[in-house]
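Chain by chain, the residues run as shown.
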Amino acid sequence: MLKQVFATLSMLLLVSAAPAQEGPRQLKPGWNLFSKDQDIQLGKEAAAQVEQQMAVIQNQELTAYVRRIGDKLAAAPEAGGFPYTFKVVNDKSINAFALPGGPAFVHTGLLTAADNEAQVAGVLAHEISHVALRHGTNQASKANLIQLPALLAGGLLGKSGSMLGQLSQLGIGLGANSVLLKFSRNAERDADLLGTRLMAAAGYNPIEMARFFEKLEAEGGSRGPQFLSDHPNPGNRVKAVEAEIRYLPQRSYTTGDGTAFTRVRKLVAALPPPPARPAAQAGGTAAGGTTAGGTAAGAPALPDLRPSRGVREYRGAGYTFSYPDNWQVVSEAQAPTVTVAPRAGLVQGGDGTAIGAGLVAGFQTGRGDLRTDTTELVRQMISSNPGMQVASTKDARVDGQPALLVTLQTKSPFAGETEIDTMAAVERPGGLFYLVLIAPRSALANLQPAYNAILGSIRFTK
Ligand code: ZN
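Residues numbered from 1 in each chain as written. Predicted model: local features only at pLDDT ≥ 70, side-chain atom pairs only at ≥ 80, totals over all residues. Heavy atoms only, no water.

Undergrad: Help me out: how do you make sense of the overall build of the chain in this one?
TA: Each helix and strand counted, the chain has 15 helices and 15 strands in total. Across the 462 residues in the chain, those meeting the buried criterion constitute 51%. Of all intrachain contacts in the chain linking residues separated by at least 6 positions in sequence, the fraction that spans at least 24 positions is 66%. Total accessible area computed for the chain in this model is approximately 21,700 Å², and 53% of it derives from carbon and sulfur atoms. (Helix = DSSP H or I, 4+ residues; strand = E, 2+ residues; numbered from the N terminus. Buried < 20%, exposed > 50% of the residue type's maximum accessible area, 1.4 Å probe, protein only. Contact = heavy atoms within 4.5 Å. Areas by Shrake-Rupley, 256 points an atom, 1.4 Å probe, with all protein chains shown as cover.)

This is the structure in structure tokens:
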């Protein structure tokens, strides 16, 4: 059964990887387990989450400006007829993103960074193209073809708010490096191509789209804007757009409405600073809270373990992942395993530091068989953590690779708490890669989105 699924997928991937012929390329959405309606529902739920978590601007004039540009671009038949919406987020970072099925958001920082209206249109055209070509759910489909079919067939449509939640449990959420929002270079190339056509149809000079991306690239350096980390440069953007324009009917292009653009930049400059995000109060609720009555002597009470929304990237030997930026890399750089944890997640005990929340990642030498090696690793973990037991083992995918997801339970170093450990294991050339996410059960609800994002962010680099 499993083998058959894989055979089907690789066949479909081969088809989509066929070489480009001469002439304008046909752009069509790739293989997808989601239906178009499921794209739309997922996007609606995700947009509701964005509206709760980000400073979406209510300023009519500003929103209307972006909507006017977006609607013009989305009117082209090639935009796929999705119910597009366009909103502005009060955030100085240079970013924009679109959710499956149509909701698009532009940061004020991007409006400030653009040189003209056509460059704003370029970003929107590029984002609309990702939606129209259904890149987010295409990537999600490829990332989790084991559990998704059953989940998507399970009659989720109609149950409001249920889809994103269930997908998040498979690591397909909105966190950093989400498969829904971080695109491959091939997807980028296609979004540039379709974006060129949408811009041309709306009368904007398509070159401005490529120029803006190249400008960000040139200014960004290694710590470039978030936009570029989610939309990696497929290379030669200006040349590719120029080549595509040659296939389009000749017409004169503009850089947009200069007066309106200047006015909008003034509006942005006059905005109040974005409201402070609810910062994670590390240890806030548990300041000095080691005196919880009636619990085991010495075990601290559960601190506030809410992760921050910002992320940092950890680069290990052969792998990378992102983690909340209020966590710290605890172990030494040369250690074979790495521990990354919030300060409040570390518990000082008689026999060293216990990790009550956070993660441990590393390699274990084995025989090269995922199931055998994972079983052996779990056996070792149980033997060094008396009382630990396996709750479940599931097939999964990590960075597109077959993986096992093992959930274990044990006693937490926090008073009265059960610890839930979720381990992802993947065979790599260097041995069995594993990453264990550690959480006290009572804090799991707060940690789960960040933990799903960490699992979804794992990338193998060799
Ligand atoms: Zn992109």
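Back to the text.
Undergrad: What exactly am I supposed to notice about the nonpolar core here?
TA: What tends to happen in soluble globular proteins is that the nonpolar side chains get buried as a cluster. Core analysis: the biggest nonpolar cluster contains 56 residues, and Leu62, Leu73, Tyr84 and Leu111 have the highest contact counts within it. Broken down by element, the residue count for this core peaks at 9 residues, all from helix 5 (residues 117-132). Each residue touching leucine 62, except ones within four places of it in the same chain, is listed here: Ile57, Val88, Leu111, Val264, Leu267, Val268 and Leu271. If you look at the next biggest cluster of nonpolar residues, it comprises 31 residues, including Val340, Ala396, Ala424 and Phe433. (Core = buried A, V, L, I, M, F, W, Y, C linked by side-chain atoms within 4.5 Å.)

Undergrad: What is the right way to look at the environment of proline 303 in this model?
TA: Here proline 303 is to be found in the loop between helix 13 (258-269) and strand 4 (311-316). For the pair proline 303 and phenylalanine 414, spaced 111 residues apart in the sequence, the C-alpha separation amounts to 8.5 Å.

Undergrad: Whenever I open this one, the coordination of the zinc ion confuses me. Can you help?
TA: Put simply, the ideal angle at a metal is 109.5 degrees for four donors in tetrahedral geometry and 90 or 180 degrees for six donors in octahedral geometry. His126 (NE2), His130 (NE2), Glu188 (OE), Glu188 (OE) and His231 (ND1) make up the full set of protein donors to the zinc ion, lying at 1.9 to 2.5 Å. Coordination of the zinc ion draws on donor residues from a single chain, spaced H-x3-H-x57-E-x42-H in sequence. Taken together, the residues glutamate 188 in helix 9 (residues 185-202) and histidine 231 in the loop between helix 11 (226-230) and helix 12 (237-245) connect sequence positions 43 residues apart. With relative accessibility at 1%, the residue histidine 231 sits in the buried group. (Donors = N, O, S within 2.8 Å, 3.2 Å for Na, K, Ca; no water.)

Undergrad: Just to check I follow, could you spell out the pattern of salt bridges for this structure?
TA: Side chains that differ in charge, positive against negative, can pair when their charged atoms come close. This structure, assessed with the given rule, holds 17 salt bridges. One salt bridge in this structure joins arginine 211 and glutamate 208, with 3.0 Å as the shortest N-O distance. In this pair, arginine 211 and glutamate 208 both sit in helix 10 (residues 207-220), 3 residues apart, roughly one turn of the helix. With relative accessibility at 6%, the residue glutamate 208 sits in the buried group. Through salt bridges with shared partners, a single ionic network connects Arg25, Arg189 and Asp190. (Salt bridge = Lys/Arg side-chain N within 4 Å of Asp/Glu carboxyl O.)

Undergrad: How should I be thinking about the sheet that holds strand 14 (residues 431-440) in this particular structure?
TA: To summarise the sheet geometry, strands pair through backbone hydrogen bonds and adopt either a parallel or an antiparallel arrangement. An order of 6-7-10-14-13-12-11 is seen for the 7 strands of this open sheet, with the pairing classed as antiparallel. Here the strands that pair on one side only, and so sit at the sheet edges, are strand 6 (327-329) and strand 11 (389-398). Geometrically, the sheet is characterised by an average inter-axis angle of 20° between neighbouring strands, direction not taken into account. Here strand 11 pairs with strand 12 (residues 401-411) via 9 bridges, running antiparallel. Counted as the bridge partner of valine 398 is glutamine 401 from strand 12. Against the sheet, helix 15 (residues 444-457) engages strand 6, strand 10 (358-364), strand 12, strand 13 (418-428) and strand 14, with an angle of about 160° to strand 14. (Pairing = 2+ DSSP bridges. Axes fitted to C-alpha atoms, helices over the stretch in contact; angles between N-to-C directions.)

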